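Residue-level structure breakdown
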Amino acid sequence: MPTLLPLVCLGSLLLSLAGAGPQDGPHAARRAALAFQLDPHFQDHMVLQRGQPIPVTGDAPGAAWVQVAWGETGVRAEVEDGRFRALLPPLVHGGPHPLVLETSRGDRVQRDDVWVGDVWLVSGQSNAAMVLEESDGGAAAAEAAGRLAGVRGLTVQPRMADTPQRAFGGSWARPTPETALRFSALGFYLAEELSRETGVPQGVIVAALGDTTGEGWVSKAALLADPALAPLVHNYEELVRNHDRVMAEYERNLEAFHEWNRQREAAGEPPSRRPPRPPLGPDNHKRPWGLREGTIAPLFHLPVRAVVWYQGESNATRAAEYEHILRALLADWRAGFGDPALPFLVVQHPGFGERGDADAPGHWARLREAQRRVFVSDPAVGLAIAVDLGGTDMHSPRKRPVAERVALLARRLLRGEPPGASGPVPVAFASQVDGIRVAMAEVEGGGLAASGPLENFELRDENGRWWPAAARIDGDTVVVSRPGVRATAVRYAWLDHPATPLTDRAGRVASPFCNAEDALAVGP
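Computed from a predicted model, the values in this text were never measured in an experiment. (Residues numbered from 1 in each chain as written. Predicted model: local features only at pLDDT ≥ 70, side-chain atom pairs only at ≥ 80, totals over all residues. Heavy atoms only, no water.)

This next bit is on the packing of aromatic side chains. In this structure the tally under the stated criterion is 12 aromatic pairs. Residues Trp333 and Phe344 carry aromatic rings whose centres are separated by 6.0 Å and whose planes lie at 50° to one another, so their mutual orientation is tilted. Of the two residues, Trp333 is situated in helix α9 (residues 319-337) and Phe344 in strand β12 (residues 344-348); the sequence distance between them amounts to 11 residues. As far as the burial class goes, Trp333 and Phe344 line up, both buried. What links up through ring pairs into an aromatic cluster is the set Trp217, Trp309, Trp333 and Phe344. (Phe/Tyr/Trp six-rings, centres within 6.5 Å; stacked < 30°, edge-to-face > 60°. Helix = DSSP H or I, 4+ residues; strand = E, 2+ residues; numbered from the N terminus. Buried < 20%, exposed > 50% of the residue type's maximum accessible area, 1.4 Å probe, protein only.)

Pasting the structure below:
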């Protein structure tokens, strides 16, 4: 196999015009309407997904047909109403070859340094977007980027829209150690792992934005289809209808906030750093469906192997609703990519806050449970358990071990297996005289194990009160009991930042869990 080139971050290229490919230049928006051209998502240095048909599309006014070739593979497509859609057959990994298009009129377009391999879409909020420079070991990893083989990167400029867009901002490019520092740490480490192990070209598309809500990445139609999510649409549209009044009220509140801070400063008191939040308008990054239409919809033209989803921080206080949002997002994106079984590799959120703080509100415990429940019900969802990789900052810099767990799931996909989880997860709960027996799946090494005292288990009695409980390991099951408690539910590691002693004998950390029906409701 030919030697491939390493990953690059596209920091300086994020300011490029939407859809401007390397040959398009700064005046892409003023291209002649009757020019022969590829659609803008076909660019130099891109990676095409192996093993899947690749639709190659564009404009060819006045031509009868378009011939498309990559390496020794070619296909001809008819032109209808000035548009063409040529379908390259599933390709074996390799490259680089130019992607060459010629028309019946003798026109020619070429994209260079095009590879075929595996393409991963990394999306979500700030932990997905966190750059290599901010991660543990990021500087050393960037220095080694020049020695990686077979990786390309595309960072998509986040954009808002009300309706699905076709063009995106950002370009595929080759790596340098300098630009790698500004690429997604999760995306970089994932590509590094898979490139080294498989020898297959790796393409990583990063479409992520900090402080965004899950509903911002889901289409309006998908939100309306779920009665639990439809109010998100109705409430936003009500805000838009009353935008002038709402903005005027916000400006008054903001001025009152500044005046209050001036008074505090005059009295020698520290100012508040929490101004009122701006209302959800069309350009607000927290609004529903805006990022889906402006940032994700243009990517539906590019087949991908799987989506790596790392988001939920902004929805942590709404875990019950978030379970619905995540399910809606899975169905929505699968429909957009035209793949009803498109795998999603979900990062279950790390611990956040002081370890063992029982007075913390527990939002993160409920968020992790929402993610676990979606995983259990969908065989095309993988769960990268990261509860042990957190700290007092929700932006944990420990992105390499997170990526290693995502890579474990990805390798299973590449072998044709379900992605599964990166550690033990409960699959069945059975009541018995002395408590509740929890059967675990995804157990490796010959059974469950404990990395410390099993003190993070609790049982709920018939009155709804939770009690600390003892746990013992029995092969691939855990038996949880407490004398005098007739147990109705069990939970494990139910804190924002718990100790996590339950592992398997391969040392892989088990997922927190709670089997109470109302586990996602806000409460103790």
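Turning to the environment of Gly338, a few remarks are in order. Inspection of the secondary structure puts Gly338 in the loop between α9 and β12. Spatially, the C-alpha atoms of Gly338 and Glu133 are 35 Å apart, while their sequence positions differ by 205 residues.

Ranked by internal contacts, the top residues of the largest apolar core, which has 78 residues, are Ile205 and Phe344. For this core, the leading source of residues is α9, giving nine residues. Those residues within four positions of Ile205 in sequence are excluded, and the remaining contacts are Val119, Trp120, Leu121, Val122, Leu154, Val156, Trp172, Leu299, Leu302 and Val304. One finds Val122, Ala141, Leu345 and Leu409 within the second-largest nonpolar core, a separate group that totals 36 residues. (Core = buried A, V, L, I, M, F, W, Y, C linked by side-chain atoms within 4.5 Å. Contact = heavy atoms within 4.5 Å.)

A separate point is the packing of α9 against helix α10 (residues 363-377). Running from N to C, α9 and α10 point in directions that differ by 35°, and their axes come no closer than 9 Å. In terms of crossing hand, the pair formed by α9 and α10 is right-handed. Two secondary-structure elements touch here, α9 through Ala319, Tyr322, Glu323, Leu326, Arg327 and Leu330 and α10 through Arg366, Leu367, Ala370, Gln371, Arg373, Val374 and Ser377. Looking at the contact of α9 with α10, its residues break down into seven nonpolar, two polar and four charged. (Axes fitted to C-alpha atoms, helices over the stretch in contact; angles between N-to-C directions. Left-handed = near helix turned anticlockwise from the far one by under 90°. Nonpolar A, V, L, I, M, F, W, Y, C, P; charged D, E, K, R; others polar.)

What follows is about the confidence of the model for the protein chain. If pLDDT is low for a region, its predicted coordinates should not be looked at in detail. Scored by pLDDT, the protein chain comes out at a mean of 92, with 93% of its residues at no less than 70. Here residues 1-32 scores under 50 on pLDDT; set against residues more than four positions off or in separate chains, the count is 92 contacts. (pLDDT = per-residue confidence, 0-100.)

With that settled, consider the environment of Glu80. One can find Glu80 in strand β5 (residues 73-80). By relative accessible area, which is 59% here, Glu80 ends up exposed. Between the C-alpha atoms of Glu80 and Gly294, which are 214 residues apart in sequence, the distance is 27 Å.

Within the open sheet, the seven strands sit side by side as β14-β15-β19-β18-β17-β20-β22. Their pairing is antiparallel. The open sheet has two free edges, formed respectively by β14 (425-432) and β22 (513-514), since each of these has just one partner strand. (Pairing = 2+ DSSP bridges.)

For the rest of this paragraph, the subject is the pairing of strand β6 (residues 83-88). With burial as the criterion, only one face of β6 is covered, namely that bearing Phe84, Ala86 and Leu88; the residues Arg83, Arg85 and Leu87 on the opposite face remain uncovered. Here six bridges tie strand β3 (residues 54-59) to β6, and the two strands are oriented antiparallel to one another. Its bridge partner lying in β6, Val56 is registered against Ala86. Where β5 meets β6, two bridges bridge the pair, whose relative direction is antiparallel. Looking at the pairing, Val79 lines up with Phe84 of β6.

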